[in-house]
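# Structure at a glance
Listed below are the residues making up each chain.
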Amino acid sequence: MGDMPKMPRIAVVAPTPLAVVEATAALTETTRSEHDESGVHIHPGGQGLWMARMARSLGAEVTVIGPFGGELGPLVVTMLRDLDLTVRPVPYPAGNGGYIYDLRAGERHVIAHMPPPPLSRHEFDDLYGVALVEGMDADLTVITGCEPADVLPAEFFERLIRDIRASGGRVVADLSGDAALAAIRAEVDVLKIAHDELLDADLAAGESMPKLVAGARKLIDDGVGAVVVSRAEKPALVVDAEGVHELITPPVSTHEHRGAGDSMTAGIAVGIARGADLVDATRLGAAAGALNVTRGGLGTGNRDTIERIAEHVEIKEH
């Protein structure tokens, strides 16, 4: 493989960090018969934290910016720091949200869900300030969305992207709905968006490849630097001023599909921050997403494995 690329500095803006508790059964029937007790796992979750974990696995120096508080917030911060992530927490007295899942029957069943409340004006201002200065210092900033969407107004994303870019920083956004529209208005460097979210936002006239490409090209004309459209099991599309490419990954069995898109975004961000061109960066992202679906842990993977899978990702130019 040769020498690994340099360690880039990436800031990840995670507006809704979550605590996730999972009850799991043993992996095999033989093991179940020997051990009746279920496994219980607790880990940091949510879009931004899955991206941060994958970016760290790929060798980036990662700083997570988000609101943390209540009973769950300090626990999530501790888990993130144990994963070798730097955390810049903004006080959040109302407290972080979380999920409790039961996976013992082989499917994900929600036992309890506590959504986080919207940020107050002071929390909004504090999060904005910390995200802005970390984005100024980083090689690249990744901005992720909220769950639920009303935790932050779309204005937050538009202003933050504009201000980081005005300072000379680069931004990759993985957003949907009004937040994605805000990123488009801010002329984000790279917008990663799922094809169904592109349709839901009326940014494409249909889900066929020509219609998705036409929608993405309109965003390029509006000032977005590049658009990466994930399409579930179909090859992702990469559209910029230079052309259109499909990312064809090796076929793998899916163990857990959730987090694949977030892992892809992390790989794209790390690739760009290393200095790779867009196509090579998306190749790394496609490999990270492909590995993620084979694993039980979201946003996890081995760097060397992902780099080697990337060598098998086919790029088809249109």
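Scroll up to find the structure this text is about.
A short tour of the structure in this document, coming up. Fair warning: this is a prediction, and the values are worked out from it, not measured in the lab. (Residues numbered from 1 in each chain as written. Predicted model: local features only at pLDDT ≥ 70, side-chain atom pairs only at ≥ 80, totals over all residues. Heavy atoms only, no water.)

## Description of helix α8 (residues 209-221)
For α8, built from 13 residues, the straight-helix expectation of 18 Å at 1.5 Å per residue is met to within 8% by its first-to-last C-alpha distance of 18 Å. Here α8 has its buried residues at M209, L212, V213, G215, A216, L219 and I220. Projected down its long axis, α8 shows its buried positions confined to an angular sector of 160°, all on one face. More than 90 degrees from the buried face of α8, the exposed residues found are P210 and D221. Elements in contact with the buried residues of α8: α6 (177-185), β10 (190-194), α7 (195-200), β11 (226-231), β12 (234-240) and β13 (243-248). In the segment just after α8, G223 is the residue with positive phi, at about 120°. (Helix = DSSP H or I, 4+ residues; strand = E, 2+ residues; numbered from the N terminus. Expected span 1.5 Å × (residues − 1). Buried < 20%, exposed > 50% of the residue type's maximum accessible area, 1.4 Å probe, protein only. Arc of directions from axis to C-beta. Contact = heavy atoms within 4.5 Å.)

## Examining the packing of aromatic side chains
Enumeration according to the criterion identifies 4 aromatic pairs in this entry. The interplanar angle of 85° and the centroid separation of 5.4 Å between the aromatic rings of F156 and F157 together place this pair among those described as edge-to-face. By the burial criterion, F156 is buried, and F157 matches it. Grouped by ring-pair contacts, the aromatic residues F124, Y128, F156 and F157 constitute a single cluster. (Phe/Tyr/Trp six-rings, centres within 6.5 Å; stacked < 30°, edge-to-face > 60°.)

## A short note on the nonpolar core
Core analysis: the largest hydrophobic core is formed by 49 residues, its most contacted members being L152, F156, F157 and L160. Residue contributions to this core peak at 6 residues, all from α8. Counting 46 residues, the second-largest nonpolar core is a separate cluster that includes V12, V62, A266 and L291. (Core = buried A, V, L, I, M, F, W, Y, C linked by side-chain atoms within 4.5 Å.)

## Points about unusual backbone geometry
Here the amide bond leading from E147 into P148 is cis, since omega sits at 5°, within 30 degrees of zero. As for its placement among the helices and strands, P148 is situated in the loop between β8 (140-144) and α5 (154-166). The residue D84 is not glycine, and still its phi comes out positive at about 70°. Residue placement: D84 occurs in the loop between α3 (73-82) and β5 (86-91). The exposure class assigned to D84 is partly exposed, which follows from its relative accessible area of 47%. Within the chain, D202 stands out as a residue other than glycine whose phi angle is a positive 60°.

## Comments concerning the sheet that holds strand β6 (residues 97-102)
One open sheet accounts for 4 strands, arranged β3-β2-β6-β7; its pairing is mixed. The open sheet has two edge strands with one neighbour each: β3 (39-45) and β7 (109-114). Averaged over all adjacent pairs, the angle separating strand axes in this sheet is 15°, with direction ignored. Both strand β2 (residues 18-24) and β6 contribute to a ladder of 6 bridges, which runs parallel. Residue pairing across strands places V21 opposite I100, the latter belonging to β6. Of the strands in this sheet, β2 and β3 are in contact with helix α2 (residues 47-57), which crosses β3 at around 90°. (Pairing = 2+ DSSP bridges. Axes fitted to C-alpha atoms, helices over the stretch in contact; angles between N-to-C directions.)

## Thoughts on the pairing of β10
Among the 5 residues of β10, 5 are classified as buried, and the element is accordingly described as predominantly covered. Taking every second residue as pointing to the same face, both faces of β10 are buried, with V190, K192 and A194 on one and L191 and I193 on the other. What joins strand β9 (residues 171-174) to β10 is α6, and the crossover it makes is right-handed. Inspection of the sheet shows β10 paired to β11 by 5 bridges, in the parallel sense. Of the residues in β11, the one forming a bridge with I193 is V229. (Right-handed = clockwise from strand over helix to strand, strands pointing away.)

## Topic: α3
Looking at α3, one finds that the buried residues are G73, V76, V77, M79 and L80. All buried residues of α3 lie within an arc of 165° about the axis, which places them on one face of the element. Of the surrounding elements, those touching the buried residues of α3 are β2, β3, α2, β4 (61-68) and β5. Where α3 terminates, the next one or two residues include D84, which has phi positive at roughly 70°.

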